[in-house]
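Survey of secondary and tertiary structure
Residue-level listing of the chains:
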Amino acid sequence: MQITDIQKIGVGLAGFGVGFLLLGVLLLFDKGLLAIGNVLFLSGLACVIGLERTFRFFFQWHKAKGSAAFFGGILVVLLGFPLIGMLVELYGFIVLFSGFFPVAINFLRRVPVLGSILNMPGISSYLDGMAGDQYKQMI
């Protein structure tokens with residue numbers, strides 16, 4: 001599978017978006033940084049997977065509650081209430097991407113240093129509950 005230049009730009013945009021979001025949270029919910037981070041993240045996602053697949057992902061009937069919360073949170077941030085908006089957006093993000101969490105946890109358990117940390121007794125049992133026992137990797 002070949003990675004196009006648009007997808008490389010999309011990864012950069014999404015990375016900068018996450019960076020701006022983290023910086024906006026660290027700087028006590030600066031609404032300008034949060035708004036820029038949201039726009040960059042969404043545009044990066046659209047560049048990586050394409051516009052059509054992005055619209056299909058967000059506008060499926062069974063994901064309507066998560067999409068409404070995610071985009072509503074972005075709107076609330078843009079209206080000037082960053083703390084409330086980020087909480088609503090976080091809820092929407094969790095609802096939208098909850099099916100991806102087991103795959104991400106399984107991948108992170110295979111990363112050399114991080115995997116040994118995630119397989120520690122207390123952390124491992126918490127992640128097993130989050131991901132489900134079928135995703136546990138024995139290393």
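Refer to the structure above for everything that follows.
None of these values were measured; they are calculated from a predicted model. (Residues numbered from 1 in each chain as written. Predicted model: local features only at pLDDT ≥ 70, side-chain atom pairs only at ≥ 80, totals over all residues. Heavy atoms only, no water.)

Comments concerning the overall build of the protein
Applied cut-off: Segments assigned H or I by DSSP are reported as helices when at least four residues long, segments assigned E as strands when at least two residues long, and all are numbered from the N terminus. We call two residues contacting when some pair of their heavy atoms lies within 4.5 Å. Using a 1.4 Å probe, the Shrake-Rupley method yields the accessible areas, and only the shown protein chains count as cover for residues. When charges are counted, Lys and Arg are positive and Asp and Glu negative, with His and the chain ends excluded. Positions of charges follow a simple convention, taking NZ of Lys, CZ of Arg, CG of Asp or CD of Glu.
Along the backbone of the protein there are eight helices and zero strands. Going residue by residue from the N terminus, the α and β elements of the protein occur as α-α-α-α-α-α-α-α. Considered along the principal axes of its C-alpha atoms, the protein spans approximately 45 × 40 × 30 Å. Pairs at least 24 apart in sequence give 49% of the contacts found in the protein among residues at least 6 apart. Only carbon and sulfur atoms are counted for the fraction: they give 76% of the accessible area of the protein, which is about 9,200 Å². Here the protein holds 9 positive side-chain charges and 6 negative ones, and the gap between their average locations is 4 Å.

Details of the pattern of salt bridges
Worth spelling out the cut-off: A pair is scored as a salt bridge if a Lys or Arg side-chain nitrogen falls within 4 Å of a carboxyl oxygen belonging to Asp or Glu. We call a residue buried when its accessible area falls under 20% of the maximum for its residue type, exposed when it is over 50%, and partly exposed in between, using a 1.4 Å probe and counting protein chains only.
Applying the stated criterion to the full structure yields two salt bridges. For Arg56, the salt bridge is made with Glu52, and the minimal N-O distance between the two is 3.9 Å. Pair noted here: Arg56 and Glu52 are both in helix H3 (residues 51-58), with a separation of four residues, about one helical turn. Judged by its relative accessible area of 58%, Glu52 is exposed. With a shortest N-O distance of 2.9 Å, Arg109 and Asp128 are connected by a salt bridge. Of this pair, Arg109 sits in helix H6 (residues 101-110) while Asp128 is found in helix H8 (residues 121-131), placing the two residues 19 residues apart along the sequence. Both residues of the pair, Arg109 and Asp128, count as buried.

So, helix H4 (residues 64-79)
The following threshold applies: Under the convention used throughout, the expected extent of a helix is 1.5 Å for every residue step, that is, one less than its residue count. Each C-beta atom gives one direction from the helix axis, and the arc is the one those directions make.
The end-to-end C-alpha separation of H4 is 22 Å, in line with the 22 Å expected for 16 residues at 1.5 Å each. Looking at H4, one finds that the buried residues are Gly66, Ser67, Ala69, Phe70, Gly73, Ile74 and Val77. On an axial view of H4, the arc spanned by its buried residues comes to 170°, and they lie on one face. Opposite the packed face of H4, turned more than 90 degrees from it, sit the exposed residues Lys65, Ala68, Leu78 and Leu79. As for H4, its buried residues are in contact with helix H2 (31-49), H3 and helix H5 (82-97).

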